[in-house]
Amino acid sequence: MKLSLYFLPWIAIWLSLKAYSILLRSKNRKRRSLVLDSLAASKSARLVGFFHPYCNAGGGGERVLWTAIAALQRTEPDVVSVVYSGDIDASKSEIISKVKARFDIALNPATLHFVFLESRWLVEDKTWPRFTMLGQSLGSMYMAYEAMSKLIPDLFIDTMGFAFSFHVVDFLGGIPVGAYVHYPTISTDMLERVRSRKTSHNNNDSVSSSGIKSQAKLFYYRVFMYYYARSIRVAQFLMVNSSWTKNHVDAILQHSDFLLDVFSNLSPLVVFNSPNAELTHADIVYPPCDTREMTRFVLENREKIVISIAQFRPEKDHAAQLLAFAQLLEIYPEHSANTRILLLGGCRNQGDADRVNDLRRLAKGLKIEDRVEFIVNAPYPEMLSLLSKASIGMNTMVDEHFGINVVEYMAAGVIPVVHASGGPLKDIVVPVDGEPTGYHADTPNTFAEALHTALTLSSAEDLAIRRRARSWAAQRFSEEEFEKGWHASGWRRFVFPQ
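Heads up: these notes are all about the structure in this document. (Residues numbered from 1 in each chain as written. Predicted model: local features only at pLDDT ≥ 70, side-chain atom pairs only at ≥ 80, totals over all residues. Heavy atoms only, no water.)

### Observations regarding helix 12 (residues 350-365)
Working step 1: If you check helix 12, its first and last C-alpha atoms are 23 Å apart, about what 16 residues at 1.5 Å a residue would give, namely 22 Å.
Working step 2: For helix 12, the complete set of buried residues consists of Asp-352, Val-356, Leu-359 and Ala-363. Down the axis, helix 12 shows its buried residues gathered within 60 degrees of arc, on one side only. Opposite the buried face of helix 12, at more than 90 degrees from it, the exposed residues are Arg-361, Lys-364 and Gly-365.
Working step 3: Tucked into the core, helix 12 has its buried residues touching helix 11 (318-331) and strand 10 (372-376).
Working step 4: With a side-chain oxygen positioned 3.1 Å from the backbone nitrogen of Gly-351, the residue opening helix 12 is Asn-349.
Working step 5: Positive backbone phi, at 60 degrees, marks Lys-367, one or two positions downstream of helix 12. (Helix = DSSP H or I, 4+ residues; strand = E, 2+ residues; numbered from the N terminus. Expected span 1.5 Å × (residues − 1). Buried < 20%, exposed > 50% of the residue type's maximum accessible area, 1.4 Å probe, protein only. Arc of directions from axis to C-beta. Contact = heavy atoms within 4.5 Å. Polar contact = N/O pair within 3.5 Å; in protein donor to acceptor, adjacent residues only side chain to side chain.)

Below you can see the structure in the form of structure tokens.
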């Protein structure tokens, strides 16, 4: 009797939410009709939703989004792409123009609709200075609620990594869910860093130096990993961007925790949706890189420029690039006169802008400010121009999920010097016929040595490695290969069921 009384309020809440979802779906018919009318589209057109709150950021993840949508526009005339965006300060035409300027991707406004979400602040880093992963995940659930309240598509594809939103979409929208995963929100590597008390951008000194705090964080990560695994298994299909991401996502799909299983089955959470037991693995679909123009750049006579192309996010670890460059100039002063470093990247918000200012101060403190240039939110033609001149491209992110910027380096004939982990190590900067296509490093000192090696190659060695890297990148990571992989994911069967 006591047990039934315990569950009764939760069952009532569940029934109320279920009734609300039915009401939401009934109202959606009118919303859907208004969207199709505004686009002068057929009433039979299908809606494919893309959940990408930062669609106007201009990074590698956005290239994936817009390349996928452009492919749908070319091959699926009866599909309208719906982008759920938090970029409320930009109009549809402004976003389309920026996509053209940044990626040289032309979008057809007639089959593209934007649903602008007011609640993106709930997934901002600054909103959750503590328990960031949990806060952002809960915030993404509210964003998904706002999205479904405004328009329910026929298929929902998350392209930013907000797996907890799947529960909301499944429950309220009653539609199939898919995802393109750039980077798992949590991984076994993250748990290991906390367990070994290693300092990183998501495990600061105050935690890593304390045994009690480390154990508490391990428990937090354990619970989060369990519910993240349950969330990601709600999807009907998953695409990932590299073998590193696939290995981690596949492990997460198989993750289980007996004690937390017992807790979940005895808690009110049991009345909500169950994971998709049929989903056991993710498919690798390498991100697209438009290498056509880059492969025309002249390989010889490059300037002594080290370039970095990455959004100014904390995990990109631009500080490590400055430290490595400073060490290069200290150990090998012969590079001081004619070698400089360019940090080119997008700023999504004030937090990113503040980070750039911090990096400027670091460069000044290292006494290399006269050899460093910051280029923020550069248009695509400017990025291409700089790539055509640069000699070396740096990427210092630990466990970079893929690294489109690294592919761009190689296609442009820029020698990559990258962190010895993640996609750059396992998928991109790999030997071809036993010969190198770039260099790996993992500390400021080893990065400095790798930079020196790349800068002092003989003319023959220099040209050979640039040719080898370009050929590999253009062959393996083209837009055509991406589109083949995207269509092979099986998304179409959920939009046009037989």
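There is more to say after this.
### Focus on the environment of Ala-12
Working step 1: For Ala-12, the position within the fold is in helix 1 (residues 2-38).
Working step 2: For Ala-12, a relative accessible area of 40% translates into the label partly exposed.
Working step 3: As for Ala-12 and Met-160, which are separated by 148 residues in sequence, their C-alpha atoms are 33 Å apart.

### Here's the deal with the packing of aromatic side chains
Working step 1: In this structure the tally under the stated criterion is 24 aromatic pairs.
Working step 2: Centroid distance Trp-14 to Phe-171: 6.4 Å. Interplanar angle 65 degrees. Geometry classified as edge-to-face. Separated by 157 residues along the polypeptide, Trp-14 in helix 1 and Phe-171 in helix 5 (residues 165-173) bring together distant segments of the chain.
Working step 3: Trp-14 sits in the partly exposed class, given a relative accessible area of 24%. (Phe/Tyr/Trp six-rings, centres within 6.5 Å; stacked < 30°, edge-to-face > 60°.)

### Examining the nonpolar core
Working step 1: Ranked by internal contacts, the top residues of the largest apolar core, which has 66 residues, are Trp-66, Leu-387 and Trp-486.
Working step 2: The dominant element in this core, judged by the number of residues it contributes, is helix 2 (residues 60-75), at 7 residues.
Working step 3: Core analysis: the second largest hydrophobic core is formed by 59 residues, Leu-47, Phe-156, Val-177 and Phe-224 among them. (Core = buried A, V, L, I, M, F, W, Y, C linked by side-chain atoms within 4.5 Å.)

### Thoughts on the sheet that holds strand 11 (residues 392-395)
Working step 1: Read from one edge to the other, the open sheet built from 6 strands follows the order 10-9-8-11-12-13, with strand pairing classed as parallel. Bordering the open sheet on either side are strand 10 and strand 13 (439-441), each of which pairs with just one other strand. This sheet shows a mean twist of 20 degrees between the axes of neighbouring strands, independent of strand direction.
Working step 2: Sheet topology note: the strand 9 (residues 340-345)/strand 10 ladder contains 5 bridges and is parallel. The partner of Leu-344 across the bridge, within strand 10, is Ile-375. (Pairing = 2+ DSSP bridges. Axes fitted to C-alpha atoms, helices over the stretch in contact; angles between N-to-C directions.)

### Topic: unusual backbone geometry
Working step 1: One non-glycine residue, Ala-40, lies in positive phi territory at about 55 degrees.
Working step 2: When you line up the elements, Ala-40 lands in the loop between helix 1 and strand 1 (46-51).
Working step 3: Phi at Phe-131 takes a positive value of approximately 50 degrees, unusual for a residue other than glycine.
Working step 4: Looking at the secondary structure, you find Phe-131 in the loop between strand 3 (112-116) and helix 4 (132-150).

### A short note on the sheet that holds strand 5 (residues 177-181)
Working step 1: Pairing is parallel in the open sheet, where 7 strands are placed in the order 3-2-1-4-5-6-7. Of all strands in the sheet, those bounded by a partner on one side alone are strand 3 and strand 7 (283-284).
Working step 2: One ladder, built from 4 bridges, connects strand 1 with strand 4 (residues 155-158); its direction is parallel. From the neighbouring strand, Val-48 faces strand 4, where its bridge partner is Leu-155.

By themselves, these observations are geometric and do not establish any function.
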